[in-house]
Number of protein chains: 2
Amino acid sequence: ESRLPGYATHQVGVAGAVVNESSGKVLVVQDKNKTVNAWKFPGGLSNPGENIGATAVREVFEETGVRSDFRSLLSIRQQHNHPGAFGMSDMYLICRLSPLTHDISFCTQECLRCEWLDLVDLAKTKDTTPVTSRIAKLLLYGLEKGFDSIDLSMEEVPAVYTGLFYQIYHRKLPVEHK
Amino acid sequence: ESRLPGYATHQVGVAGAVVNESSGKVLVVQDKNKTVNAWKFPGGLSNPGENIGATAVREVFEETGVRSDFRSLLSIRQQHNHPGAFGMSDMYLICRLSPLTHDISFCTQECLRCEWLDLVDLAKTKDTTPVTSRIAKLLLYGLEKGFDSIDLSMEEVPAVYTGLFYQIYHRKLPVEHK
């Protein structure tokens, strides 16, 4: 957990899947200026020093006007040679968020469309990306079996040398196993 | 999933927890030149363009001489202001690996000790880091309930614009839900 100094090799992006559990709908956007107008979850790059959940909540609000709370980490994607990343590698994390507000007021500079879409429709449509489609299916599975079956929960754990805290994400560990 | 160009803000490190399922032992090391000699999982920084699982397998071999196979992603840790990271943020991933060989031939430049330690003992000892202790407990839970209960599995999903593939990690989705 400590090692030789390195250098930054990755940009980190975070997307937020804001799921309304009672309606089964999820907040999706279509990017402006894309040849393929595919539904995807709002998201963007982490600011320096910003936690994963904070990036998701901020980006969702900036793009859609919807306020939300962080609930869990769902997925991690790594890609090398990403065309927008200029030789860097790209780590993209997808979080599950709960909506605090529902009215959409989307950023017209970034987005062409923004909607609450039924998860069943998002899982079926061709107008989306393979990753979004996969996460829609995962969320449907979570909606059916309980989100506990798909969530990674976050906890803070003390760091040895610094007195700071790590944010660590893993499958929920029952209290009697801690 | 595509966005404005950014810059690399994170170094990415990967540790490998090599678990022998039949003996319940896990491969651990103690770093050389540390004031606190704590057991931890072998690991280190990703090389540019290197996948998560490949980093874990490579670092485990370099530090311990043990060959292993990638099985799953277990945990993600984010930390800002890491003392060795010079202002960068730090993303640390812990993978579960299966041993292919068992004889230890550890790197004496990096490690003071290297052993196959009983997971029960690693979960109990004070001579470890809080993160290692937590993952030891998670692995014990997995050993008892099946690793399916703690694993994030990896799949490759096509990227829209590039024709490349993403490596995506999330909870295993039963075939009938895909």
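The structure presented is a predicted model; accordingly, all values stated were derived computationally and were not measured.

Caption draft 1: Broad picture of the overall build of chain A. Counting secondary structure elements, chain A contains three helices and nine strands. Taken from the N to the C terminus, the helices and strands of chain A come in the order β-β-β-β-α-β-β-β-α-α-β-β. Rg of the C-alpha trace for chain A: 17 Å, near the compact-globule value of 16 Å for 178 residues, within the 12% margin. For chain A, the spread of C-alpha atoms along the three principal axes comes to 45 × 45 × 25 Å. When the 178 residues of chain A are sorted by exposure, 58% land in the buried category. Put simply, of all contacts in chain A between residues at least 6 apart along the chain, 62% involve residues at least 24 apart. As displayed, chain A has an accessible area near 7,400 Å², and 50% of this comes from carbon and sulfur atoms.

Caption draft 2: Geometry of the interface of chain B and chain A. Chain B puts 77 residues into the contact, and the matching count from chain A is 77 residues. Where chain B touches chain A, the interface holds two salt bridges. In this structure, Glu155(A) engages Arg134(B) in a salt bridge whose closest nitrogen and oxygen atoms are separated by 3.2 Å. In this structure, the connection of chain B to chain A is made through 25 residue pairs in polar contact (both at pLDDT 80 or more). Secondary structure elements with two or more residues in the side of chain B that touches chain A: strand E1 (10–20), strand E4 (43–45), strand E5 (68–79), strand E6 (89–99), helix H3 (130–145), strand E8 (153–158) and strand E9 (165–170) of chain B. No other element matches H3(B), which puts 10 residues into the side of chain B that touches chain A. When its residues are assigned to classes, the side of chain B that touches chain A shows 37 nonpolar, 25 polar and 15 charged. Summarising the sheet, strand E5 (residues 68–79) of chain A and E9(B) pair through four bridges and their orientation is antiparallel. Bridge assignment links Arg77(A) to a residue of E9(B), and that residue is Ile168(B).

Caption draft 3: Geometry of the relation of the copies chain B and chain A. With an RMSD of 0.0 Å, the operation that places chain B on chain A is a rotation of 180° combined with a shift of 0.0 Å along the axis. Such values leave the two copies arranged in the relation of a two-fold axis. Here 100% of the interface residues in chain B have copies in chain A that are interface residues too; the copies meet face to matching face.

Caption draft 4: Structural detail: the pattern of salt bridges. With the rule as written, the count across this model stands at 22 salt bridges over all chains. In this structure, the salt-bridge partner of Arg96(A) is Asp151(A), at a minimum N-O distance of 2.8 Å. Here the residue Arg96(A) occupies a position in strand E6 (residues 89–99), and Asp151(A) occupies one in the loop between helix H3 (130–145) and strand E8 (153–158), the gap between them amounting to 55 residues. With a relative accessible area of 4%, Arg96(A) lands in the buried category. Judged by its relative accessible area of 10%, Asp151(A) falls in the buried class. The residue Glu144(B) makes a salt bridge to Lys145(B) at a minimum N-O spacing of 4.0 Å. No difference in accessibility class separates Glu144(B) from Lys145(B), as the two residues are exposed. Bridged by salt links that share partners, the residues Glu50(A), Arg58(A), Glu59(A) and Glu62(A) form one connected network.

Caption draft 5: Spatial organisation of the confidence of the model for chain A. Mean pLDDT over chain A stands at 89; residues scoring 70 or higher make up 93%. Of the two predicted TM-score estimates for the complex, the pTM is 0.90 and the ipTM is 0.87.

Caption draft 6: Representation of the side chain of Ser46(A) in the model. Residue and element names in this part refer to chain A. With respect to the helices, strands and loops of the structure, Ser-46 is situated in the loop between strand E4 (43–45) and helix H1 (52–64). Taking the relative accessible area as the measure of exposure, Ser-46 reaches 7% and is therefore buried. Discounting residues that sit within four places of it in the chain, Ser-46 has contacts with Val-12, Gly-13, Val-14, Thr-55 and Arg-58.

Calculation criteria
Residues numbered from 1 in each chain as written. Chains lettered and ligands numbered in written order. Predicted model: local features only at pLDDT ≥ 70, side-chain atom pairs only at ≥ 80, totals over all residues. Heavy atoms only, no water. Helix = DSSP H or I, 4+ residues; strand = E, 2+ residues; numbered from the N terminus. Rg over C-alpha atoms; globule rule 2.2 N^0.38 Å. Buried < 20%, exposed > 50% of the residue type's maximum accessible area, 1.4 Å probe, protein only. Contact = heavy atoms within 4.5 Å. Areas by Shrake-Rupley, 256 points an atom, 1.4 Å probe, with all protein chains shown as cover. Salt bridge = Lys/Arg side-chain N within 4 Å of Asp/Glu carboxyl O. Polar contact = N/O pair within 3.5 Å; in protein donor to acceptor, adjacent residues only side chain to side chain. Nonpolar A, V, L, I, M, F, W, Y, C, P; charged D, E, K, R; others polar. Pairing = 2+ DSSP bridges. Least-squares fit on C-alpha atoms with pLDDT ≥ 70 in both. pLDDT = per-residue confidence, 0-100.

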